[in-house]
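Residue-level structural notes
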Protein chains: 2
Amino acid sequence: MSEPFAGRQAAARLALERAGIDALLLSVGADLPYFTGYEAMPLERLTMLVVPRDGDATLVVPELEAPRVPANGSCEVHSWAEGGDPIGVVAGLVGAAAGVAIGDHTWTRFTLALQAAMPHARFVPASRITGTLRAVKDSAEIAALRAAAHAVDAVAAEMRTRPFGGRTERDVSREFVDRMLAHGHDRPNFAIVGSGPNGASPHHDAGDRVIGEGDVVVCDFGGTMRGYCSDITRMFVVGAPTSEVADTYAALTVAQEAAVLAATVGTPCEAVDAVARRSLQERGLADAFIHRTGHGIGLEAHEDPYIAAGNATPLVAGHAFSIEPGVYFPGRFGMRLEDIVVATAAGPERLNEAPRDLAVVD
Amino acid sequence: MSEPFAGRQAAARLALERAGIDALLLSVGADLPYFTGYEAMPLERLTMLVVPRDGDATLVVPELEAPRVPANGSCEVHSWAEGGDPIGVVAGLVGAAAGVAIGDHTWTRFTLALQAAMPHARFVPASRITGTLRAVKDSAEIAALRAAAHAVDAVAAEMRTRPFGGRTERDVSREFVDRMLAHGHDRPNFAIVGSGPNGASPHHDAGDRVIGEGDVVVCDFGGTMRGYCSDITRMFVVGAPTSEVADTYAALTVAQEAAVLAATVGTPCEAVDAVARRSLQERGLADAFIHRTGHGIGLEAHEDPYIAAGNATPLVAGHAFSIEPGVYFPGRFGMRLEDIVVATAAGPERLNEAPRDLAVVD
């Protein structure tokens, strides 16, 4: 079996052993490519990898999709024909299991059918097994994240020279998407352009609003490049910023920098979140910061570890995550600053290098 | 409440009543926009609509996403703050239910948490309630499907004048995507370009293969336009086709036409599938037809009704579905021909109008 899949499957078996779980069942989502290099189509025809604790992994796949499975030896392939019973095949491979870990994003219709076919098994989310494994990136994964980060860095830098005023958010968003593709991304995942009052909605859908003079514009964009995700937020303003905008952004920049510096190996995730929160609180901005400080990133745009209150997990070398405090003023504007950071033995390392100052554009 | 959501929710309540189910729980996927006009982000933060059989619908949504919910009065909005307990909120809204129908595509991690929070409730897939409702399109939905179909018709027609030889599949696929966007699609869903032997894999990922003289090329593409999906397959050949290719395509065209004509109101879906299969069997091509004849289409690219063996559901006026027989010869080539068809009282109506003959290209 080609690396890195053999090592990853071995680690998963050890985790199953420790958790007292008999098998891992993986369908749509990032766990399956992590262990096999194959991504399931989100279809009504079931694709599912069965990893027994004490046996070889088998991929149950529709006959129609079987030619797409890479021949890397990471698993046996069991294809099922139209009209077949993939639920029965999976249940047969699992056997008389007491505990089953099933992929977090698996479609519920399949989980309900599997529960009916295995009425005595206890089902738990697979992230209990896979989350901690996937959160720690190896050097090839960090290189892939860095390459994706540098691609969006280039996009962010280019956009500083482009006009925003007079264009719709949708038009600017489309330009972010086009430039991500031009810089090597395989697919865009999102390109939020929140101008003026729309910026106060952190996940605003870019719409028909025409960006005007004086508007503060939140641009948060990312995609997937060679399997790994990018995610960056940079701030733009059309024409000279008011002193309120400049001061608020200065406070946000300080809070983001402080949280990045706090992200050292051994520090609990919630402590990093608290640093950003406390920094904004000192400037009277605590109430405007309505979300967590960050999320892990890798094969998925959001994954473990979450940099949030309540997550006592200590950072370990190889954890990759966003640091993205933001402040939101309903009816007026919003601001966010985001970089991807990797925890290393030598300290936190930012993967993004695009300029972080407020970009003044036409 | 704005139409059509009030009528759809009333129909769902009636279906819940008949099925003896107490509540409908909808998250990611097309059921939620069908009933509210709002599409949930596929995120680790839970969004879920609770439709009790005898009460008002409530959308449980992350505070971060709440500004994106359209103010159309289709439901109450209950936003939850970072660190909150959305599972507890949903369980509280459902109350002491004996039966719960949960959206088919809901992430399993949420379903497992809800099962733990409601240990006495029986969970069934929501499609048992929503599938038959959504399958029957009203006139506005058919108009939206027709508009999307005409957009991909225009793309298919344009591509007949474009060169294929000497280009990679990926390059041609990207052109299909660009043209779908140019013709008004909001997002591309797929653009399969399977050339030569790659065409024998029905869901081939467009790759680095360079298309050559004599290649038969399967082009199956579609996307989403104003919420509704397109899906069309047309066949291209580089230079004059061999007589085997021409004869095989003629047989496929006859089979597709026969299945379209068979798709009359009252005919069981499986009978339509059988017509395509029998037609190909008469030409000795039955073994090469390895998938069902079609799938429903609407808010989702694949939904009820499935035109497949084992589905005895009779077609009703307003059913919209693909008719797409195909034949596949491993190591050599594949062919498929697909139109979207609506069952009407006046007979089957094709929404796609692009030329169906084998397009000879450079």
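Residues numbered from 1 in each chain as written. Chains lettered and ligands numbered in written order. Predicted model: local features only at pLDDT ≥ 70, side-chain atom pairs only at ≥ 80, totals over all residues. Heavy atoms only, no water.

This next bit is on the overall build of chain A. Check the secondary structure of chain A and you find nine helices and 18 strands. Computed over C-alpha atoms, the radius of gyration of chain A comes to 22 Å, within 12% of the 21 Å expected from 2.2 N^0.38 for 362 residues, which places it in the range of a compact globule. Taken over the C-alpha atoms alone, chain A extends approximately 65 × 40 × 35 Å along its principal axes. When the 362 residues of chain A are sorted by exposure, 58% land in the buried category. (Helix = DSSP H or I, 4+ residues; strand = E, 2+ residues; numbered from the N terminus. Rg over C-alpha atoms; globule rule 2.2 N^0.38 Å. Buried < 20%, exposed > 50% of the residue type's maximum accessible area, 1.4 Å probe, protein only.)

For the rest of this paragraph, the subject is empty space enclosed by the protein. Scanning the model with the defined rule gives five cavities of 30 Å³ or more in all. Computed from the structure, the largest cavity encloses a volume of approximately 50 Å³. What lines the largest cavity is simply S27, V28, A40, M41, L43, R45, L46, T47, W107 and F110 of chain A. Of the residues belonging to the lining of the largest cavity, the class tally is seven nonpolar, two polar and one charged. Considered as a void within the structure, the second largest cavity measures approximately 40 Å³ in volume. In this structure, the second largest cavity is lined by S27, V28, M41, P42, L43, R45, L46, T47, W107 and F110 of chain B. Its residues placed into classes, the lining of the second largest cavity shows seven nonpolar, two polar and one charged. (1 Å grid on protein atoms, 1.4 Å probe; cavity = no way out; pocket = protein on both sides within 12 Å on 5 of 7 lines; lining within 4 Å. Points joined across faces, edges and corners; volume = space filled by probe spheres on them. Nonpolar A, V, L, I, M, F, W, Y, C, P; charged D, E, K, R; others polar.)

Looking now at the interface of chain A and chain B. In this assembly, 35 residues from chain A lie in contact with 35 residues from chain B. Carbon and sulfur atoms supply 54% of the area buried between chain A and chain B, which totals about 3100 Å² over both sides. When the buried area of chain A at its contact with chain B is split by residue, L64, T108 and H203 of chain A rank highest and sum to 19% of it. R292 of chain B is the salt-bridge partner of E44 of chain A, the closest N and O atoms lying 2.5 Å from each other. (Contact = heavy atoms within 4.5 Å. Buried area = accessible area lost by both parts, 1.4 Å probe. Salt bridge = Lys/Arg side-chain N within 4 Å of Asp/Glu carboxyl O.)

We now examine the sheet that holds strand 3 (residues 58–62) of chain A. One open sheet holds the six strands; their spatial order is 4-3-2-1-5-6 (chain A), and the pairing between them is mixed. Edge positions in the sheet fall to strand 4 (76–80) and strand 6 (122–125) of chain A, since each has one partner strand and no second. Direction aside, neighbouring strands of the sheet carry axes that sit 25 degrees apart on average. One ladder, built from three bridges, connects strand 1 (residues 23–26) of chain A with strand 5 (residues 99–102) of chain A; its direction is parallel. Pairing of L24 of chain A across the sheet is with A101 of chain A, part of strand 5 of chain A. Running over the sheet, helix 3 (residues 86–94) of chain A touches strand 1, strand 2 (48–52), strand 3, strand 4 and strand 5 of chain A and is turned about 175 degrees from strand 3 of chain A. Against the sheet, helix 4 (residues 108–117) of chain B makes contact with strand 5 and strand 6 of chain A, and its axis sits at roughly 130 degrees relative to strand 6 of chain A, the strand it touches most. (Pairing = 2+ DSSP bridges. Axes fitted to C-alpha atoms, helices over the stretch in contact; angles between N-to-C directions.)

For chain A, per-residue confidence averages 96 on the pLDDT scale, and residues scoring 70 or more make up 99% of the total. Overall fold confidence (pTM) sits at 0.90, and the ipTM for the predicted complex is 0.90. (pLDDT = per-residue confidence, 0-100.)

Moving on, we come to unusual backbone geometry. Residue and element names in this part refer to chain A. Note that the residue after D304, namely P305, is joined by a cis bond; omega there is -5 degrees. The topology assignment puts P305 in strand 12 (residues 303–307). Even without being glycine, R226 reaches a positive phi, approximately 45 degrees. Relative to the assigned elements, R226 resides in the loop between strand 8 (216–225) and strand 9 (228–229).

Within this structure, the stated rule accounts for 62 salt bridges over all chains. Here E257 of chain A makes a salt bridge to R350 of chain A, at a shortest N to O gap of 3.3 Å. With E257 of chain A in helix 8 (residues 243–262) and R350 of chain A in strand 17 (residues 347–350), this residue pair connects regions lying 93 residues apart in the sequence. Two residues, D339 of chain B and R350 of chain B, come together in a salt bridge whose shortest N-O distance is 3.0 Å. With a gap of 11 residues between them, D339 of chain B in strand 16 (residues 339–344) and R350 of chain B in strand 17 (residues 347–350) connect regions that are remote in the sequence. Pair check on accessibility: D339 of chain B and R350 of chain B agree, each one buried. Several salt bridges share partner residues, and in doing so they unite E158, R162, R167, D171, E175 and R179 of chain A into one network.

The transformation that overlays chain A on chain B combines an axial shift of 0.0 Å with a rotation of 180 degrees, and the residual RMSD is 0.0 Å. Here the transformation between the copies is reduced to the relation of a two-fold axis. Taking the C-alpha atom as reference, chain A places T108 of chain A closest to the rotation axis, 2.6 Å from it. Counting the interface residues of chain A, we find that 100% of their copies in chain B are interface residues as well, pointing to one common contact surface. (Least-squares fit on C-alpha atoms with pLDDT ≥ 70 in both.)

What follows deals with the sheet that holds strand 3 (residues 58–62) of chain B. All names here are of chain B. Taken in spatial order, the six strands make up an open sheet running 4-3-2-1-5-6, and their pairing is mixed. Every other strand in the sheet has two partners, leaving strand 4 (76–80) and strand 6 (122–125) as the edge strands with one partner each. Pairwise comparison of adjacent strand axes, ignoring direction, gives a mean angle of 25 degrees for this sheet. As defined by bridge partners, strand 5 (residues 99–102) adjoins strand 6 across four bridges and the pair is classed as parallel. Bridge pairing in strand 6 links G99 to R122. Each of strand 1 (23–26), strand 2 (48–52), strand 3, strand 4 and strand 5 is contacted by helix 3 (residues 86–94), which is oriented at about 175 degrees to strand 3, the strand it contacts most.

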